[in-house]
Amino acid sequence: MIDTRHALIALNRVPRIGAAKARSLERAFGSFADAAEAGAGEIARRCKELGPALATEVAAALAEPSAAYEEESAAEARAVRILTWADDAYPERLRAAPSPPLCLYCAGDVALLSQTQVAIIGTRRASIYGTEQAQRFALRLASAGIHVLSGLAEGIDSAAHEGALMAGKEAPGRTIAVIGAALDCVYPASRKPLARDIVRAGGLVVSEYPFGRHADAKTFPQRNRIVAALSKGVFVAESPARSGTLITVDFARELGRAIYALPGRADWPGFAGNHALLRAGDARLVISPEQILEDFDSLELVGAEPENVGGPVGLTAEERKLWEAAGTEGASLDDLCARTGLPLPQVLDLTMGLQMRRKLRPLPGGLLRQN
């Protein structure tokens, strides 16, 4: 008799079976095991939306669970973990979204899935400016303890992953790639080294597809819904007027996620999508990652110390040094340099960011104090 976990792995291997049909099947019979006992004819009768041909495929998959066990063994051999609806580690944000994947194939740290993430998304044909900004935002967010989520495509996606990796293993934030193909069929192939770097750096690469599934026109929009559902917010770094990026934005809007967009030059077609979002009021204009961090300060960020041990959440080690050095009485820039051992240019940069996020406030005489 097949259990729920292996039933989901088996059903995930059947084309045209998604969340709605799987749930309908489970409701109709009470359990997947009972559906397996019923056979194709009864499945077709009770679940008319499947149709006879698909019901036959479903019945065969559930009646012979060896394929599911083989898939699980193949995952273990590749150091991949399969999460299903039946697993506690399956992320709640995704479970609560419409049409959640039956399975998630995960290479890397699955705990990241349930922690704070911001998606950085955009065009594959990114400008130098868009690429630099995606890296800048990703580096800062990862340094502050927010995981950077994207789709491993060329252009903005890769820049976002690379920016988060630049923060280093000592940073509390990691990067997560959700791909539109199986983990053994990474697309484009040129991104395979980046996928390996993400896992080696303590990040995560995720797919909903069973081994052997190659990318096609349908897999990328499906991938985008996962990106939107996992994220707390979506930052559009660069998007033309017609782009798959805007599909992700639509999913995010439906789920009530925060949406941010970077403005570009008025005559750059690559930013036409950003400007349309901003004109319509569908996205908040941001020019600095500090503006996103300000929105996320009320959340318990990954790797940050809780409020009750002293200080606000979401600070890097250097920012916390400065915040503590400023104290409640205030300190000059020279004092902050002396107390933290940080050079003046870095102190200037960090204190400006802390003031923008309302962690420090100025006092007369050029002093800064905790806010």
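Along each chain, residue indices are assigned from 1 in the same order as the chain's sequence is written. Under the rules for a predicted model, residues below a pLDDT of 70 receive no local features and side-chain atom pairs below 80 are neither given nor counted, while totals for whole chains, interfaces and linings still include all residues. Remark: hydrogens and water are excluded; side-chain values derive from all non-hydrogen atoms of the structure.

Participant: Give a detailed account of the overall build of the protein, specifying residues and quantitative values.
Facilitator: Assigned secondary structure in the protein consists of 17 helices and eleven strands. Seen along its three principal axes, the alpha-carbon backbone of the protein occupies a region of about 85 × 50 × 35 Å. Going through the 371 residues of the protein one by one, you find that 54% of them count as buried. Pairs at least 24 apart in sequence give 71% of the contacts found in the protein among residues at least 6 apart. With residues, only the protein chains shown are counted as cover, and all accessible areas are computed by Shrake-Rupley using a 1.4 Å probe. With the model as given, the accessible surface of the protein reaches about 16000 Å², and the carbon-plus-sulfur share is 52%. A run of H or I in DSSP counts as a helix once it spans at least four residues, and a run of E counts as a strand once it spans at least two, with each numbered from the N terminus. A 1.4 Å probe rolled over the protein chains alone gives each residue an accessible area, and that area as a share of the maximum for its type sets the label: buried under 20%, exposed over 50%, partly exposed in between. Any two residues whose heavy atoms approach within 4.5 Å are treated as being in contact.

Participant: Can you break down unusual backbone geometry residue by residue, with the values?
Facilitator: The linkage connecting Tyr 187 with the following residue, Pro 188, adopts the cis geometry, with an omega of -10°. As for its position among the elements, Pro 188 is in the loop between strand E5 (175–178) and helix H10 (192–200). At Leu 152, a residue that is not glycine, the phi angle is positive and equals roughly 65°. Along the chain, the position of Leu 152 falls in the loop between strand E4 (147–150) and helix H9 (156–166).

Participant: Residues and numbers for the sheet that holds strand E1 (residues 81–84), please.
Facilitator: With respect to topology, nine strands assemble into an open sheet ordered E1-E2-E6-E5-E4-E3-E7-E8-E9, the strand pairing being mixed. In the strand order of this sheet, the two ends are held by E1 and strand E9 (284–285), each with one partner. A strand pair is defined by DSSP finding two or more bridges across the two strands. Strand direction decides the pairing type here: E1 and strand E2 (residues 103–108), joined by four bridges, are antiparallel. Note on E2: the bridge partner recorded for Leu 83 is Leu 104.

Participant: Account for the nonpolar core, naming residues and giving values.
Facilitator: What is meant by a nonpolar core is a set of buried Ala, Val, Leu, Ile, Met, Phe, Trp, Tyr and Cys residues, joined one to another through side-chain atoms within 4.5 Å. Grouped together as the largest cluster of nonpolar side chains are 75 residues, with contacts concentrated most on Leu 11, Leu 25, Val 58 and Leu 62. Element by element, the count of residues in this core is highest for helix H5 (residues 51–63), at six residues. Once you skip the residues sitting within four places of it in the chain, Val 58 turns out to touch Leu 11, Ile 17, Leu 25, Ile 43 and Leu 50.

Participant: So, the environment of Ile 226: which residues are in play, and what are the values?
Facilitator: Mapped onto the fold, Ile 226 is located in helix H11 (residues 219–230). Separated by 35 residues in sequence, Ile 226 and Arg 191 place their C-alpha atoms 19 Å apart. The contacts of Ile 226, once residues within four sequence positions are left out, are Leu 94, Pro 101, Val 178 and Glu 208.

Participant: Lay out the pairing of strand E11 (residues 367–370) in plain terms, naming residues and giving numbers.
Facilitator: Two elements, strand E10 (residues 360–363) and E11, share four bridges in a ladder whose sense is antiparallel. Bridge pairing in E11 links Pro 362 to Leu 368. Hairpin connection from E10 to E11: three residues lie between these consecutive antiparallel strands, with Gly 365 at a positive phi of about 85°.

Participant: Report on the packing of helix H8 (residues 128–143) against H9, specifying residues and quantitative values.
Facilitator: Convention adopted: a line fitted to C-alpha atoms gives each axis, helices being fitted over their contacting stretch, and angles between N-to-C directions are expressed from 0 to 180 degrees. For the pair H8 and H9, interaxial distance at closest approach is 7 Å and the crossing angle is 40°. Relative to H9, the crossing made by H8 is right-handed. Note on element contacts: H9 touches H8 through Ile 156, Ala 159, Ala 160, Glu 162, Gly 163, Ala 164 and Met 166, opposite Gly 130, Thr 131, Ala 134, Gln 135, Ala 138, Leu 139 and Ala 142. Amino acids are sorted into nonpolar (Ala, Val, Leu, Ile, Met, Phe, Trp, Tyr, Cys and Pro), charged (Asp, Glu, Lys and Arg) and polar (every other residue, Gly among them). A breakdown of the residues in the contact of H8 with H9 according to their chemical character gives nine nonpolar, four polar and one charged. Crossing handedness: left-handed means the near helix sits turned counterclockwise from the far one by under a right angle, and right-handed means the same turn made clockwise.

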